[in-house]
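Here is how the chains run, residue by residue.
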Amino acid sequence: MKKIEAVIKPFKLDEVKEALHEVGLQGITVVEAKGFGRQKGHTELYRGAEYVVDFLPKVKIELVCEDSVAERAVEAIMNAARTGRIGDGKIFISTIEEVIRIRTGERGADAV
Amino acid sequence: MKKIEAVIKPFKLDEVKEALHEVGLQGITVVEAKGFGRQKGHTELYRGAEYVVDFLPKVKIELVCEDSVAERAVEAIMNAARTGRIGDGKIFISTIEEVIRIRTGERGADAV
Amino acid sequence: MKKIEAVIKPFKLDEVKEALHEVGLQGITVVEAKGFGRQKGHTELYRGAEYVVDFLPKVKIELVCEDSVAERAVEAIMNAARTGRIGDGKIFISTIEEVIRIRTGERGADAV
Ligand SMILES: Nc1ncnc2c1ncn2[C@@H]1O[C@H](COP(=O)(O)OP(=O)(O)OP(=O)(O)O)[C@@H](O)[C@H]1O
Ligand SMILES: Nc1ncnc2c1ncn2[C@@H]1O[C@H](COP(=O)(O)OP(=O)(O)OP(=O)(O)O)[C@@H](O)[C@H]1O
Ligand SMILES: Nc1ncnc2c1ncn2[C@@H]1O[C@H](COP(=O)(O)OP(=O)(O)OP(=O)(O)O)[C@@H](O)[C@H]1O
Ligand SMILES: [Mg+2]
Ligand SMILES: [Mg+2]
Ligand SMILES: [Mg+2]
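Summarised in this report is the structure supplied together with it.

Calculation notes
Residues numbered from 1 in each chain as written. Chains lettered and ligands numbered in written order. Predicted model: local features only at pLDDT ≥ 70, side-chain atom pairs only at ≥ 80, totals over all residues. Heavy atoms only, no water. Least-squares fit on C-alpha atoms with pLDDT ≥ 70 in both. Contact = heavy atoms within 4.5 Å. Buried area = accessible area lost by both parts, 1.4 Å probe. Salt bridge = Lys/Arg side-chain N within 4 Å of Asp/Glu carboxyl O. Polar contact = N/O pair within 3.5 Å; in protein donor to acceptor, adjacent residues only side chain to side chain. Near = heavy atom within 4 Å. 1 Å grid on protein atoms, 1.4 Å probe; cavity = no way out; pocket = protein on both sides within 12 Å on 5 of 7 lines; lining within 4 Å. Points joined across faces, edges and corners; volume = space filled by probe spheres on them. Helix = DSSP H or I, 4+ residues; strand = E, 2+ residues; numbered from the N terminus. Nonpolar A, V, L, I, M, F, W, Y, C, P; charged D, E, K, R; others polar. Pairing = 2+ DSSP bridges.

### Some details on the relation of the copies chain C and chain A
Rotating chain C by 120° about the axis while translating it 0.0 Å along that axis superimposes it on chain A, leaving an RMSD of 0.0 Å. Seen this way, the second copy is the image of the first under a three-fold rotation axis. In this assembly, only 11% of the residues forming the interface of chain C have copies in chain A that are likewise at the interface, indicating a heterologous arrangement.

In structure tokens, the structure reads:
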């Protein structure tokens, strides 16, 4: 099983969610986050003064899926989250060894 | 070392915490989240109109423990978090390679 | 690629961020959390009565980096986050298999 974590722009959450539905993904978890990438935030003008806004609001999506659908999920997230401007986000993929569905006690692929 | 992530119903946090104490688990981290599983949220009636509530509030618990206690932790979470109704949650298990306790600099099993 | 997760005291976030910049780390994600370690929170006096404050506010930092810089990142976090008092936090290291930079589609080391 794979865990896909995507840190994206908050206003893109709905589009990413729809894109994941369309490829058949059934479960996701979302957490509010803040972060920065290579630009270390940016400088913003506010009431005539410049502020360095180093942490920008992001959302982190986590989804666990079978290996065979992970690449499809990644493509769906990339296409839906991309605006072409800096800060579009990152996707991280790792391995999950076991999944348990609490209500039924199912484990593994049946539980995802 | 194992990392156990559990996405559960928020009102179950206290019971899960107690159950983990009882099996001797000493550290947990909790993050507010929202998510959906197979039912993609549900439909709710509000002032006569139907709304699709697709993201429901959840909490995500993360705990890192030695391999030998992971299964006990999973059982404790399952038993405490289960209501028997949809949305009870999911548990994900993965591997952590190294743990460091910042105050003491200890690493590995001593640090958990 | 490695993922470094650090649960630290919230007022230490700025110092940790600076320390990571100084060793050349370019991206981090931060999430508000609450948690406890071995002391299971502590007892606090409030208006004459004692309360057990079991969950204390923490922040969780997540950063993904190349293997070769992971140890430097860990040292930077440890040094910046340590106060020498209980509750200084924990660092967890795991493996990330793939990283994708959404704007450019880059993968792997170029994408971090
Ligand atoms: N190496 C990293 N580790 C953890 N989180 C990261 C990392 N890089 C980026 N992030 C998270 O992803 C968010 C978006 O990153 P961002 O898209 O700005 O990356 P970037 O490499 O600067 O690419 P771009 O040049 O397109 O902006 C950041 O705000 C941060 O939360
Ligand atoms: N595959 C998944 N990846 C990431 N998070 C998930 C996944 N499945 C579920 N979750 C998280 O767990 C929460 C609870 O899921 P839920 O218990 O509804 O799963 P389910 O498969 O629909 O089971 P049930 O039929 O018992 O409701 C979701 O709101 C979501 O936050
Ligand atoms: N095993 C663990 N799994 C997940 N999170 C943990 C674990 N241990 C600690 N944490 C998180 O790290 C935070 C800080 O832990 P803390 O530094 O108090 O650990 P400790 O082992 O009690 O060390 P100390 O004796 O220095 O206080 C906790 O509030 C919790 O969020
Ligand atoms: Mg950027
Ligand atoms: Mg469900
Ligand atoms: Mg402690």
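So, next bit.
### Topic: the interface of chain C and chain A
Taken together, the contacts link 28 residues of chain C with 33 residues of chain A. Between chain C and chain A lies a buried interface of about 2600 Å² when both sides are counted; carbon and sulfur atoms form 56% of it. On the surface where chain C and chain A come into contact, there are 6 salt bridges. Its salt-bridge partner being Asp54(A), residue Lys17(C) comes within 2.2 Å of it at the nearest N-O pair. Here chain C and chain A share 17 residue pairs in polar contact (both at pLDDT 80 or more) between them.

### Description of the site of ligand 1
Near ligand 1, the surroundings consist of 22 residues, among which Arg38(A), Gly87(A), Gly89(A), Arg101(C) and Arg103(C) are the closest. At ligand 1, the nearby residues belong to more than one chain, namely chains A and C. Between ligand 1 and Gly87(A), the relevant distance is 2.7 Å, taken from an oxygen atom to a main-chain nitrogen or oxygen of the residue. A distance of 2.6 Å separates an oxygen atom of ligand 1 from a polar atom in the side chain of Arg101(C).

### Side note on empty space enclosed by the protein
A complete count under the given rule lists 1 cavity of 30 Å³ or more for this structure. Computed from the structure, the largest cavity encloses a volume of approximately 40 Å³. Residue lining of the largest cavity: Val31(A), Lys60(A), Glu62(A), Val31(B), Lys60(B), Glu62(B), Val31(C), Lys60(C) and Glu62(C), and that is the complete set. Among the secondary structure elements, those contributing two or more residues to the lining of the largest cavity are β5 (56-65) of chain A, β5 (56-65) of chain B together with β5 (56-65) of chain C. Tallied by class, residues from the lining of the largest cavity come to 3 nonpolar, no polar and 6 charged.

### What about the interface of chain B and chain C?
Where interface size is quoted, it is often the accessible area lost as the parts come together. Facing the 28 residues of chain B at the interface are 33 residues of chain C. Interface area for chain B against chain C, summed over the two sides, is near 2600 Å², with a carbon-plus-sulfur share of 56%. Inspection of the region where chain B meets chain C yields 6 salt bridges. When the shortest N-O distance is used, the salt bridge between Arg107(B) and Glu71(C) registers 2.7 Å. For the interface between chain B and chain C, the tally reads 17 residue pairs in polar contact (both at pLDDT 80 or more). Those elements giving two or more residues to the side of chain B that touches chain C turn out to be α1 (13-22), β2 (28-36), β5 and β7 (98-101) of chain B. It is β2(B) that provides the largest number of residues to the side of chain B that touches chain C, a total of 5 residues. In the side of chain B that touches chain C, the residues fall into 12 nonpolar, 6 polar and 10 charged. With 3 bridges connecting them, β2(B) and strand β2 (residues 28-36) of chain C associate as antiparallel partners. Within the sheet, the bridge partner assigned to Val30(B) lies in β2(C) and is Lys34(C).

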